[in-house]
Amino acid sequence: MAHFTPNQQKSITATDISVCYRVQDETFGGLKEFTIRFLQGKIHYRDFWALKGINLSISPGECFGIIGPNGAGKSTLLKVISRVLPPTKGRIITNGEISPLLELGAGFHPELTGRENIFLNGTLLGHSRADIKAHLNEILAFAAIDDFIDSPLRTFSSGMVTRLGFAVATAWQPEILLLDETLSVGDQVFRTKCSEKIMDFSTKGTTILIATHDLGSLQSLCARTIWLDNGQSRMLGPTQEVIHAYSS
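To keep things clear, this report deals only with the structure shown in the data block. Remember, it's a predicted structure, so these values are computed and weren't measured experimentally.

The next point concerns the environment of L112. With respect to the secondary-structure elements, L112 resides in the loop between β5 (98–101) and α3 (114–124). Residue class for L112 comes out partly exposed when judged on its relative accessible area of 28%. Spatially, the C-alpha atoms of L112 and S151 are 7.8 Å apart, while their sequence positions differ by 39 residues. Among residues more than four places away in sequence, those in contact with L112 are N117, L120, S151, P152 and L153.

Structure, rendered in structure tokens:
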């Protein structure tokens with residue numbers, strides 16, 4: 001488990017982060033009905049707060065957990081921190097380049113081979129062809145799909161795509177790494193390799209946020225955890241204490 005010094009300059013500071021969506025109060029049978037009601041001005045909306053008043057302060061090298069039931073706001077919080085989604089209210093300050101693993105394999109093309117997709121995805125992540133080539137053997141070793149690497153991605157199982165996506169995304173050590181349910185996918189061998197890679201990154205100074213339902217991994221990886229429920233913070237503190245309260 002990574003340790004951190006509270007008085008260090010923070011990697012991530014979130015102040016009163018709130019995200020609000022306008023949601024229709026009713027559903028419609030089709031586009032025609034919707035259009036008629038829209039033109040009549042009879043569509044009513046309500047505010048749905050996906051996040052409300054979230055405050056975080058995360059130190060360099062800290063491995064920080066996020067737990068909560070489905071729909072609690074875990075993924076929304078990671079999207080706000082990664083700048084994918086602007087908050088309705090509040091402020092995010094980050095110190096360091098962010099590498100979000102919010103969807104493993106995003107940017108892969110099904111008709112390209114696994115090897116070609118490594119270069120495609122690496123380029124999308126901002127790396128040069130020469131740099132990708134220098135990391136190629138490391139990526140192949142981690143993904144462990146040698147027999148399929150020159151086959152089209154559409155022939156891969158979902159687990160193979162996941163392994164390749166994680167291998168490419170973590171071939172370079174990031175300053176801030178955001179993980180959304182990555183520890184909950186793949187077989188046990190793959191999950192163990194992921195945990196070992198994350199622990200190595202944290203030891204070397206990477207700040208890591210993990211949103212997951214895998215409470216066992218959080219206990220072994222994260223010093224602190226926040227429990228989200230209906231977009232609000234129910235508890236923030238030492239991981240074991242938060243998990244005990246969440247599971248009670």
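To continue, consider the sheet that holds strand β3 (residues 63–67). Read from one edge to the other, the open sheet built from 6 strands follows the order β5-β6-β7-β3-β8-β9, with strand pairing classed as mixed. Both outer strands of the open sheet, β5 and β9 (232–238), are each paired with one neighbouring strand and no more. Each adjacent strand pair in this sheet contributes to an overall mean axis angle of 15°, direction not counted. In this sheet, strand β7 (residues 207–211) lies alongside strand β6 (residues 176–180) in parallel orientation, the contact comprising 5 bridges.

Our next topic: helix α5 (residues 158–169). Between its first and last C-alpha, α5 extends 16 Å over 12 residues, near the 16 Å set by a 1.5 Å rise per residue. Within α5, 9 of the 12 residues are buried, which leaves the element mostly enclosed by the surrounding structure. What α5 keeps buried is the set M160, V161, T162, L164, G165, F166, A167, V168 and A169. Elements in contact with the buried residues of α5: β5, α3, α4 (129–143) and α6 (188–203).

What follows covers the nonpolar core. Note on soluble globular proteins: their nonpolar side chains tend to be buried together. Counting 39 residues, the largest nonpolar core has I118, I139, L164, I208 and I210 as the members making the most contacts within it. Not counting chain neighbours up to four residues away, the residues in contact with I208 comprise E62, C63, F64, L177, L179, I198, F201 and S202. Judged by nonpolar contacts, the second largest core, of 25 residues, contains V19, I66, L77 and L228.

A few words on the side chain of K74. Relative to the elements of secondary structure, K74 occurs in helix α2 (residues 74–81). For K74, the side chain forms a polar contact with the main-chain oxygen of G68, separated by 2.9 Å. When neighbours within four sequence positions are excluded, K74 is seen to be in contact with I66, I67, G68, P69, E181, A211, H213 and L228.

Attention now goes to the packing of aromatic side chains. Under the counting rule described, the total for this entry stands at 4 aromatic pairs. The interplanar angle of 80° and the centroid separation of 6.4 Å between the aromatic rings of F148 and F156 together place this pair among those described as edge-to-face. The interplanar angle of 80° and the centroid separation of 5.9 Å between the aromatic rings of F166 and F190 together place this pair among those described as edge-to-face. Here the residue F166 occupies a position in helix α5, and F190 occupies one in helix α6, the gap between them amounting to 24 residues. Classification of F190 by relative accessible area gives buried; the value is 3%. One aromatic cluster in this structure is built from F142, F166 and F190. Across the ring face of F119, the terminal group of R129 is positioned such that the distance to the ring centre comes to 4.3 Å. Sitting above the plane of the F142 ring, K193 keeps its charged end 4.6 Å from the centroid.

The rules behind each value
Residues numbered from 1 in each chain as written. Predicted model: local features only at pLDDT ≥ 70, side-chain atom pairs only at ≥ 80, totals over all residues. Heavy atoms only, no water. Helix = DSSP H or I, 4+ residues; strand = E, 2+ residues; numbered from the N terminus. Buried < 20%, exposed > 50% of the residue type's maximum accessible area, 1.4 Å probe, protein only. Contact = heavy atoms within 4.5 Å. Pairing = 2+ DSSP bridges. Axes fitted to C-alpha atoms, helices over the stretch in contact; angles between N-to-C directions. Expected span 1.5 Å × (residues − 1). Core = buried A, V, L, I, M, F, W, Y, C linked by side-chain atoms within 4.5 Å. Polar contact = N/O pair within 3.5 Å; in protein donor to acceptor, adjacent residues only side chain to side chain. Phe/Tyr/Trp six-rings, centres within 6.5 Å; stacked < 30°, edge-to-face > 60°. Lys NZ or Arg CZ within 6 Å of the ring centre and 35° of its normal.

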